[in-house]
Amino acid sequence: TIQYCLDMTTRNGIAQDSRSIVNLVSDECESDQNAIIDDEIIQVIDDNGSIHHADITSLYNSVGDDETYRQIRKVIESEFVDEIIPTEKALIETVVRPRKDGGEQYFPGDWVEILGNGLNWRLEMVSRVLKLAPDDYDWVNEKNNEKPPEWKYFYHTKETRMLEADRIRSPKEGLRKVFGSRPWVWQQWAMLKLEHKLRFQVGHQDDFVNFDNLKYVKELWHLWLNTPANEEFRKLYKDERIGDAGRIELVEHIMAPFDQIDEITRVGHDDWNFAGDPNISLYTYWGLFGSGFILPIAVLILQLTIPYLLVEAIIDTEIECKEFDDVASQMKVLIFVYYLIKVCPDTALSFYDSAGDADTVYSRINSLREALYRNDTDSFIQKLGYRFDFYANTTYECILYMLNMYILYQTNDPFEILLNAVALEFLVNMDEAIALSNWWDPKKRWIMAGVIEIVIQRKLRLRDLASVEKFSRHFGISEAVVLAACDNDPNLFRNPKVAKCDEIDTNFMTQSETVDHYFLHVAKEMNNRAAIKEYARPPVHFSSFFIDKYCRRGVFDKYQAFKTWSRWDALLCAAPVPVLDHIFFTNKEENDTIRSDISANAGYFSKGGFFPQPESPIISKVTEFANYLPTRNGGKSYKNRWIDKILFVSYFRTLHTAIEDRDLIRFLFQMVDGIIEWISYLSQGLFPFVIIFFIAAVFYNGSCDL
């Protein structure tokens, strides 16, 4: 029986798992080593590829030996390290490391980007890989002795545990080091092409819900990859040193935003179940579309006016002081205690949800919106909607409950106390209640389209696309080449006149787009309205009343001025291609190995762009690695954010950025917004203490003026 239990433990991966992975540090090595426990044998692989073996049984029998404890301490230190700094070599190794079908995709020591609840990718190192059998796998059945289970792999990092493979990808920094910046130029172009293709038209094959966007963008990828002008990149892409693993990692990375759009439109996807989240409000729609704000403003006026009138009425009323032993005082205490044990945690959770760190649909939407707001890539009307949405679920809730406690404290009638407490819930949830009404967005098509637009808006680097200097710096293409492609236009891709001409030029269309173009041309000649409706995209605007729909361009028609396909055609294959010989070398065993002096041989991708010239290497600071945010990992993000807001750290940083950009309007807006945001975070922190104060006041004064 004991032996059976030991076998079961081993087979379930709890102790001596046949492929469990831990980290060990050997005396012969200077850095963390990858250790693979395989049938009671530990294989310690050092940086030079040498393998050291240790027998698990010997290790078990030597428990109590000083050497054993020393090795165990080193295992713990290597896995639970305080701070780890990535290197360029380690990032590239993660990209080109061969993978096994059905096996683990990443290994301890690999630097990967993990997707947090806030939909932000951050760079972390894998510290352990676990594999678990399916829950329904029958370990007792003898037929399964020769049939291993279909293992499911999970990954640990410093801050995150049990990550599934779909939340991990190779680092952008390593991919750009190997492949250069061309794929990311293509990604910008493909985003515009997709936005140009999508429609908000029920029943049409190109309607955003029905349209297969992944199929479309993959066709665009293969067309671009195989175009004659892209031969240099195609040779690099198919190079054996990169391997299938590197190619797959690149495509998955580039297709990530398109995969996200596909998930949003996929019915039944848990991450985007819009109907199941009651926190989506009228202000959420306003913040997404930048239009449809008439009804939200009307609701906002109601939410502000009603509490004001109640407080004014209480102030003008003479209150008769009573002792605590009356029913009204006891009712107040019960309601305040309810606020303490129910409302206080709810408001804290609502605050966390609004900050974009929770695992909910509403929080994911706020995370997407927060990225636009932080980068100042949203319109002014979008900003207003987003901030009203944030404050309605943070500042407004806390202050409203505080005002209501004051009103309840000044009320002596038990029934009025109860009615006021219930009425408050109506005020707090008014904006969400209307958004849940059947007449507002019954099938959630509008909210779905709005989130897709935000994904596109977040991914497009509009400032770079409208500036020769910024585009050249970010994508590593010389300014002379960029200027020649855009006819010396300083606005680069943003040119409405050129876009209007290119829109009807069949040289920049796919075969299906060309066919639709000719059908539309003939339909217009025939004046066939039904046919025109089929082949021409109808303009669609989100609005609560007809007046506010013209504040912004229609749905999936926001970036018409950037669709200068002739200029894109000239620059899609213009970015330099890295020289792999500057990254790899052949060792004595005739194996391709990544150079340890990679920075000096291949340059570095930083804020200045990708520079493959070996004669002018650029050595960067580790903090310049893409998505490397060591101070905002995992659960610390919200805590650090709260401290930054309270101490005005982020406030002054934001104002400083606005000053550097010489944006007066942005400076003034964020100066006011930052103060209100500070009040939000402060009120959230003070809320439980205010409740305790009112409870104490009732016990001390009964029902009387404060």
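For the structure, check the block above.
Keep in mind the model is a prediction, meaning the values are calculated, not measured.

Draft legend 1. Looking closely at the environment of T514. By the element assignment, T514 lies in helix α24 (residues 511-526). Separated by 10 residues in the primary sequence, T514 and I504 have C-alpha atoms spaced 9.2 Å apart. Leave out the neighbours within four places in its chain, and T514 touches T506 and M509.

Draft legend 2. Broad picture of the pairing of strand β6 (residues 121-132). For β6, the buried fraction is high: nine of the 12 residues fall into the buried class. By the bridge criterion, five bridges tie strand β5 (residues 111-115) to β6 in an arrangement that is antiparallel. Each bridged residue has a counterpart across the sheet, and for L115 the counterpart in β6 is W121. In this structure, the hairpin formed by β5 and β6 is closed by a connection of five residues, where L119 is found at a positive phi of approximately 60°. Relative to strand β7 (residues 152-157), β6 is paired through six bridges, and the arrangement is antiparallel. By the bridge assignment, L130 is partnered in β7 with F154.

Draft legend 3. Broad picture of the packing of aromatic side chains. Tallied over the full model, the rule gives 46 aromatic pairs. Grouped by ring-pair contacts, the aromatic residues F200, F208, Y285, F289, W439, W440, W446, F542 and F556 constitute a single cluster. The ring of W121 is capped by R169, whose NZ or CZ atom sits 4.0 Å from the centre of that ring. Across the ring face of W565, the terminal group of K193 is positioned such that the distance to the ring centre comes to 4.8 Å.

Draft legend 4. Representation of the pattern of salt bridges. Using the criterion set out here, one finds 35 salt bridges in the structure. For D376, the salt bridge goes to K383, with nearest N and O atoms at 2.7 Å. This pair shows no difference in class: D376 is buried, exactly as K383 is. Of the charged contacts in the structure, one is a salt bridge between E469 and R473, with a shortest N-O distance of 3.6 Å. One end of the pair is E469 and the other is R473, both in helix α21 (residues 468-475) and four residues apart, which spans about a single turn. With a relative accessible area of 47%, E469 lands in the partly exposed category. Residue R473 is classed as partly exposed on the basis of its relative accessible area of 36%. Look at the salt bridges and you will find they share partners, linking R369, D376, D378, K383, R463 and R666 into a network.

Draft legend 5. Broad picture of unusual backbone geometry. One non-glycine residue with positive phi stands out, namely D487, at about 55°. Here D487 is to be found in the loop between α22 (479-485) and α23 (496-502). According to the relative accessible area criterion, D487 is exposed, its value standing at 63%. Positioned with a positive phi, F648 is a non-glycine residue whose angle comes to about 65°. Inspection of the secondary structure puts F648 in the loop between α28 (636-646) and α29 (649-660). Assessed through its relative accessible area of 23%, F648 is described here as partly exposed.

Draft legend 6. Quick look at helix α12 (residues 294-315). The end-to-end C-alpha separation of α12 is 32 Å, in line with the 32 Å expected for 22 residues at 1.5 Å each. Within the span of α12, buried status applies to L295, P296, V299, L300, Q303, P307, V311 and I314. An end-on view of α12 places all buried positions within 160° of arc, on one side of the element. Along α12, the residues that are exposed and aim more than 90 degrees away from the buried face are Y308 and I315. Summarising the contacts, the buried residues of α12 are in contact with α11 (282-289), α15 (380-392), α16 (395-409), α17 (414-428) and α18 (430-435).

Rules behind the numbers
- Residues numbered from 1 in each chain as written.
- Predicted model: local features only at pLDDT ≥ 70, side-chain atom pairs only at ≥ 80, totals over all residues.
- Heavy atoms only, no water.
- Helix = DSSP H or I, 4+ residues; strand = E, 2+ residues; numbered from the N terminus.
- Contact = heavy atoms within 4.5 Å.
- Buried < 20%, exposed > 50% of the residue type's maximum accessible area, 1.4 Å probe, protein only.
- Pairing = 2+ DSSP bridges.
- Phe/Tyr/Trp six-rings, centres within 6.5 Å; stacked < 30°, edge-to-face > 60°.
- Lys NZ or Arg CZ within 6 Å of the ring centre and 35° of its normal.
- Salt bridge = Lys/Arg side-chain N within 4 Å of Asp/Glu carboxyl O.
- Expected span 1.5 Å × (residues − 1).
- Arc of directions from axis to C-beta.

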